[in-house]
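# Summary of structural features
Take a look at the letters that make up each chain.
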Amino acid sequence: AASSACLSDARGAVAVVRARAAGMSGFKDTFTKSSETDDLLGYDDAAFYYFASSVLVTLAVPWTYYFVKGTIFGGIGEPQDVAGRSKSGSTQVTCKTSTMVNKLEEEGKRGGQRSCGVGWCFQLVVLAAMWFSIYFVFTQMGVEEVMGFNPFKILEVEPTASAADIKKAYRKMSLVYHPDKNTNDPAAASVFIQITKAYNALTDPVAKANYEKYGNPDGPQMTKVGIGLPKFLLEKGNHLKILAAFFFLLLFVIPTTAICYYQRTKNYAANGVLIETLQFMEHYITETTRVKNGADLLAASAESRNMPTRMDDQPAMTKLKSQVDQHMKPKFPNHPAIVKNSILLMAHMQRLHELMTPELRSDLNELLKHSSKITQAMIEYACARDWFHTATSMIDFKRSLVQALDVKSHQLLQIPHFDEEILRHCLRGKNATTTLTGFLSKPAEERKGLKCLTPEQILDIEAFALHLSSVEMMAEISVEDESEVVVGDIATVTVQMKRTNLRENEAAGPVHAPFFPEAKYEEWWLFLTEPSPGNKVIAMERVRDADQFVETKLRFQVLGRPGKRKLELHAWNDSYVGIDKKLELTLDVLEENESKREIFIHKEDEELDLIPTLFQQLMGDFGQLDEESEDEHEPDDSKAGKAGKASAKEAKAKANGAKEEKAGAVDDGDEESDAEHEAQAKGKGKDKDGEASSGSSSDSD
């Protein structure tokens, strides 16, 4: 009796708990299982560990890979800038001169030093925390298991416990977790419900049978799948904190990050140059801009003007300025940053680096790093305006920065260890050489001016000669699928370039540029022009492929007069002076009426034209179905009515035809009678005029 009374009290307490649970806040119902509709299993963190481990591994593995890769190879630059393989898989060949080997080594050391900055340390800390979290989660996954309904575990008894032991454990735990003793603890009420369920599952025959068959005393339950959230998110005391953190992230962190990113990128164009610099170029670059204007234009760019100026640099700048040969009057003499950077650029091109302080050399290197993108924008702007001479002048200025050559410097100074004294020996005498390719094409024993050089320096010259690009270029003009060129056609110039200094599966590595602060890969600019006073650019293409064999196409519309026309194809290298190429092409242009072009239609294409399309087939089927459906759904009376109407229309048409025939016959009779009356009238007139001739009157009658 006492047991029955206790059980009834427990059932009443369960009802009270359910009534209280029905009035709980909706926030908990959103994340937790409803006490009325779901089973009464306790919430556990096992599912959260599986979810957290998958997220952490997905983020940590690729981040760690790129972090380690950037730490090891970060000093050299991006993967395409590393002496390894090109995009097509060819092995890059680097310059083996001593200066370039030392430069790459120093660049790698500086890259390692740069990699240990604040950003690198921050990434290291975050990655270490992520991997520690992964380790902790994996260790917990082995301890925590997804909780199921286990009545023996809930009642804290052994599976071999007797009925008395089960009843004793139930009474003990029900007294501890009874709702009346824990009015402000919803978790205690949930435990009490579980205790009651567990006791029923072990004592009630129906509940026991359901538990043994379905794993739950209430019978089969619905399976729900959701995100495994940690238990602390569901605790009532943490609701306000979670909401505050959520709104802080949503309303402050994300908008602030987006605004900061926009503020940093809104001032840059797609090519990485400041928009202010592009606007400046549009105003100051003209058709008469030449190489001597390049230093002032680059120094006046927004990137250059944003560089800091130091008052301590004034004495060193005064000394440096006195040694620099300025070829023209400064264009912006009133701006200190522009004047300073212009002097630094001219000193670089005149190879006066020994006169610069470490601070000035650092400023120069930063400016030269900006120069790659800025000079690229200058060339593109000149090409957009079809200014051939301006575009080539900007290319010449760009390679002057790469090779540290002044406007009036000789191209032989690109050779390692060459100075003005060696240059004078090469330019005078019987076997004088004035071009870079001419000097390097000679045998080593015939090259002049090398007697004062050491064997190591001569080996550097040989390595430079092997690395310098030697290009063979071929080009052909054609119109696709046509044998003749007519005014208005889109012609294609197919250009093939082969680097004879490379072998198969090899690609050109960084150029020999000991005075340039970073690795520079050569590019070729192709210009198709028509000889004229202005040399207008017809087509242009930028070739960045460094493989042994390169093929590219230039397309343009054939306009102007018909007849034979001469075109010129120029190939300009942006890294070396003296290896440019030029080809003359002939184009025979016909008028439209001079060329008979037959349009060939294949027999299979003609047969395809006779086959209806899918749309036509569908429309045809629908039309037939509509007509058939209309005929099928019409009643017999309407069909008979339609047939009667059709026969009536036919009879009426026949009657109208008979009337028309009759009317036509009447009209013919009237015409004959009118003719007889006219004849009689004429006969009477003749009798009155000539009564003597009766024969004639009878004839007329």
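The present account deals with the structure reproduced in this document.

Each value, and the rule that gives it
Residues numbered from 1 in each chain as written. Predicted model: local features only at pLDDT ≥ 70, side-chain atom pairs only at ≥ 80, totals over all residues. Heavy atoms only, no water. Helix = DSSP H or I, 4+ residues; strand = E, 2+ residues; numbered from the N terminus. Expected span 1.5 Å × (residues − 1). Buried < 20%, exposed > 50% of the residue type's maximum accessible area, 1.4 Å probe, protein only. Contact = heavy atoms within 4.5 Å. Pairing = 2+ DSSP bridges. Axes fitted to C-alpha atoms, helices over the stretch in contact; angles between N-to-C directions. Phe/Tyr/Trp six-rings, centres within 6.5 Å; stacked < 30°, edge-to-face > 60°. Disulfide = S-S within 2.5 Å. Salt bridge = Lys/Arg side-chain N within 4 Å of Asp/Glu carboxyl O. Parallel < 35°, antiparallel > 145°, perpendicular 65-115°, else oblique. Nonpolar A, V, L, I, M, F, W, Y, C, P; charged D, E, K, R; others polar.

## What about helix H15 (residues 336–349)?
Here H15 contains 14 residues, and its C-alpha end-to-end distance of 20 Å stays within 8% of the 20 Å for a straight helix at 1.5 Å per residue. Buried residues dominate H15, accounting for twelve of its 14 residues. Along H15, the residues classified as buried are Ala 337, Ile 338, Lys 340, Asn 341, Ser 342, Ile 343, Leu 344, Leu 345, Met 346, Ala 347, His 348 and Met 349. Contact partners of the buried residues in H15: helix H12 (294–299), helix H13 (302–305), helix H14 (314–323), helix H16 (358–384) and helix H17 (388–403). The first or second residue beyond H15 is Arg 351, which carries a positive phi of 60 degrees.

## Regarding the sheet that holds strand S2 (residues 471–478)
Spatially, the three strands line up as an open sheet ordered S2-S4-S8, and their pairing is antiparallel. Of all strands in the sheet, those with a lone pairing partner are S2 and strand S8 (549–557), marking the two edges. On average, adjacent strands in this sheet sit at an angle of 20 degrees to one another, irrespective of strand direction.

## Remarks on the packing of aromatic side chains
A full pass over the atoms with the stated rule returns 13 aromatic pairs. Measuring from ring centre to ring centre gives 5.6 Å for Phe 388 and Phe 527, while their planes differ by 80 degrees; the resulting arrangement is edge-to-face. One end of the pair, Phe 388, is in helix H17; the other, Phe 527, is in strand S6 (residues 524–529), and 139 residues separate them in sequence. With respect to burial, Phe 388 and Phe 527 carry one shared label: buried. Both rings, one in Phe 418 and one in Phe 439, keep their centres 5.4 Å apart while their planes meet at 80 degrees; by these two values the pair is edge-to-face. With Phe 418 in the loop between H17 and helix H18 (420–427) and Phe 439 in helix H19 (residues 436–441), this residue pair connects regions lying 21 residues apart in the sequence. The burial state of Phe 418 is the same as that of Phe 439; both residues are buried. Here the aromatic cluster, defined as three or more aromatic residues joined through ring pairs, consists of Phe 280, Tyr 284 and Phe 332.

## A look at the state of the cysteines
A full pass over the atoms with the stated rule returns zero disulfides. Of all cysteine sulfurs, the one in Cys 452 lies closest to Cys 426, which takes part in no disulfide; the gap is 9.3 Å. Here Cys 452 falls in the exposed class, since its relative accessible area comes to 58%.

## A word on the pattern of salt bridges
A pair can form between side chains of opposite charge whenever their charged atoms are brought close. Within the structure shown, the criterion is met by 17 salt bridges. Among the salt bridges present, the one from Arg 399 reaches Asp 580, with a minimum N-O distance of 3.0 Å. Placement of Arg 399 in helix H17 and of Asp 580 in the loop between strand S9 (563–573) and strand S10 (581–590) is noted, with a sequence separation of 181 residues between them. Via salt bridges that share partners, Arg 310, Asp 313, Lys 340 and Asp 363 belong to a single interconnected network.

## Here's the deal with the packing of H15 against H16
When two helices pack together, their arrangement is captured by the angle between the axes and the distance separating the axes. The interhelical angle for the contact between H15 and H16, taken along N-to-C directions, is 85 degrees, at an axis separation of 10 Å. As judged from the angle between their axes, H15 and H16 are roughly perpendicular. Of the residues in H16, those in contact with Lys 340, Asn 341, Leu 344, Leu 345 and His 348 of H15 are Leu 360, Asp 363, Leu 364, Leu 367 and Leu 368. Residue composition of the contact of H15 with H16, by class: six nonpolar, two polar and two charged.

## A word on the sheet that holds S10
The strand order S3-S10-S9-S6-S7 describes an open sheet built from five strands, whose pairing is mixed. On the outer flanks of this sheet lie strand S3 (485–486) and strand S7 (537–543), each paired with one strand and no other. Where S3 and S10 come together, two bridges link them in parallel fashion. Of the residues in S10, the one forming a bridge with Val 485 is Val 589.

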